[in-house]
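Geometric and topological summary
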Amino acid sequence: MPNVLITGADRGLGLSLCKEYLQRGYTVFAGKFMADYTLLEDLRAQNERLHIIWLDVGESASIENAVQMIERTVGTLDAFISNAALMGRTKCDLYDPPMEVERAWDSFRVNALGPLLLTEKLLPLMEKSPMKRLCYVSSEVACIALMKYRCDEPFPYPMSKAGMQMGVRMMHNELYERGYMFRLFHPGWMKFRNADGSLTEIAMYDPDDIGAIAARYFEKDLYDEHRLVMVDFNGYEWPF
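The structure reproduced in this document is the subject of the present report.

Parameters and conventions
Residues numbered from 1 in each chain as written. Predicted model: local features only at pLDDT ≥ 70, side-chain atom pairs only at ≥ 80, totals over all residues. Heavy atoms only, no water. Helix = DSSP H or I, 4+ residues; strand = E, 2+ residues; numbered from the N terminus. Expected span 1.5 Å × (residues − 1). Buried < 20%, exposed > 50% of the residue type's maximum accessible area, 1.4 Å probe, protein only. Contact = heavy atoms within 4.5 Å. Core = buried A, V, L, I, M, F, W, Y, C linked by side-chain atoms within 4.5 Å. Axes fitted to C-alpha atoms, helices over the stretch in contact; angles between N-to-C directions. Parallel < 35°, antiparallel > 145°, perpendicular 65-115°, else oblique. Left-handed = near helix turned anticlockwise from the far one by under 90°. Nonpolar A, V, L, I, M, F, W, Y, C, P; charged D, E, K, R; others polar. Salt bridge = Lys/Arg side-chain N within 4 Å of Asp/Glu carboxyl O.

1. Side note on helix H5 (residues 156–175)
Taking 1.5 Å of rise per residue, 20 residues should cover 28 Å, and H5 covers 28 Å from first to last C-alpha, within 8% of that figure. Those residues of H5 that sit buried are Pro156, Tyr157, Pro158, Ser160, Lys161, Met164, Gln165, Gly167, Val168, Met171, His172 and Leu175. Contacts from the buried residues of H5 go to helix H4 (101–126), strand E5 (133–137), strand E6 (181–186) and strand E7 (230–232).

Set out below in structure tokens:
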């Protein structure tokens, strides 16, 4: 039975991916961060193959605890989906000082460095797997070539996501030769899931629909695995 770790699983795409992979027969380790959301616990009551882990991807101790739990439970890991992100509208504007510098650093800690640190700690578990699938959820705002069309985004989120993608690029350079397969995925503008499970009408896409698309893309083998590309929910490639 294959297994997967999904971060940022409390709601939205992360929760939808948990449901998708459970339906596909995986053992799912779900990273939980939001104490006021209990949707993961509701899902756990329906399926014992779901294991909930308290996980702050920006904290080394939290990452170590998560990795140890996975090792104790299954001993190996087949797939890792880095979905957690800090998306708050931090005040970091050159034209409206002062910047909220500490909050800006939080964006880099969680969005750029967190996925790399977690990947580093998971590699010994993934070395034992024949699958070795590393998947990272990104965003159109990480595309430097396209940001000339966007002036409404605070600096930290786009900068940190672009930093994450550079980290993934560098990991691909090293790890592809060792049998690791990489995915970069842009999910589009998804509706927000409230604590009671309902969806807001703002935005375009149901995260359950995007989760199904993402899971298929993450699972399937590609003929051009040597290429690192960012693909969106329609299958289009984006520059990054």
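2. Considerations on the nonpolar core
Membership of the largest hydrophobic core comes to 31 residues, with the highest contact counts inside it found for Ile6, Leu17, Cys18, Tyr21, Val28, Ile81 and Phe218. Among the elements of the structure, strand E1 (3–6), helix H1 (12–23), strand E2 (27–32), helix H2 (39–44), strand E4 (79–82), E5 and helix H6 (207–219) are those that each provide at least two residues to this core. Once you skip the residues sitting within four places of it in the chain, Ile6 turns out to touch Gly14, Leu17, Cys18, Tyr21, Val28, Phe29, Ala30, Gly31 and Ile81. Counting residues in each nonpolar core, the second largest holds 30 residues, with Phe29, Ala84, Val110 and Phe182 among its members.

3. Concerning the packing of H1 against H6
The interhelical angle for the contact between H1 and H6, taken along N-to-C directions, is 60°, at an axis separation of 8 Å. By the angle between their directions, the pair H1 and H6 is classed as oblique. Relative to H6, the crossing made by H1 is right-handed. Note on element contacts: H6 touches H1 through Pro207, Asp208, Ile210, Gly211, Ala212, Ala214, Ala215, Phe218 and Glu219, opposite Gly12, Leu13, Ser16, Leu17, Lys19, Glu20 and Tyr21. Classifying every residue of the contact of H1 with H6 gives nine nonpolar, three polar and four charged.

4. Some details on the packing of helix H3 (residues 60–73) against H4
Direction vectors running N to C along H3 and H4 enclose 30°, while the axes themselves pass 10 Å from each other. In terms of orientation, H3 lies roughly parallel with respect to H4. Judged by the twist between their axes, the crossing of H3 over H4 is right-handed. Within the contact between the two elements, H3 uses Ser60, Ile63, Glu64, Val67, Ile70 and Glu71 and H4 uses Gly114, Leu117, Leu118, Lys121, Leu122 and Leu125. Across the contact of H3 with H4, the residue classes break down as seven nonpolar, two polar and three charged.

5. Comments concerning unusual backbone geometry
Positioned with a positive phi, Lys132 is a non-glycine residue whose angle comes to about 50°. Along the chain, Lys132 falls in the loop between H4 and E5. Positive phi, normally seen in glycine, also occurs at Ala203, with a value near 95°. Residue position: Ala203 is located in the loop between E6 and H6.

6. Here we look at the pattern of salt bridges
Taken as a whole and assessed by the stated rule, the structure comprises 17 salt bridges. A salt bridge links Asp10 to Lys32, with the nearest nitrogen and oxygen atoms 3.8 Å apart. Of this pair, Asp10 sits in the loop between E1 and H1 while Lys32 sits in strand E2; the two residues are 22 residues apart in sequence, bridging distant segments of the chain. For the pair Asp10 and Lys32, one class covers both residues: buried. Among the ionic pairs, Arg109 bridges to Asp56, the shortest N-O distance being 3.8 Å. Taken as a pair, Arg109 in helix H4 and Asp56 in the loop between strand E3 (50–54) and H3 lie far apart in primary sequence, 53 residues in all.

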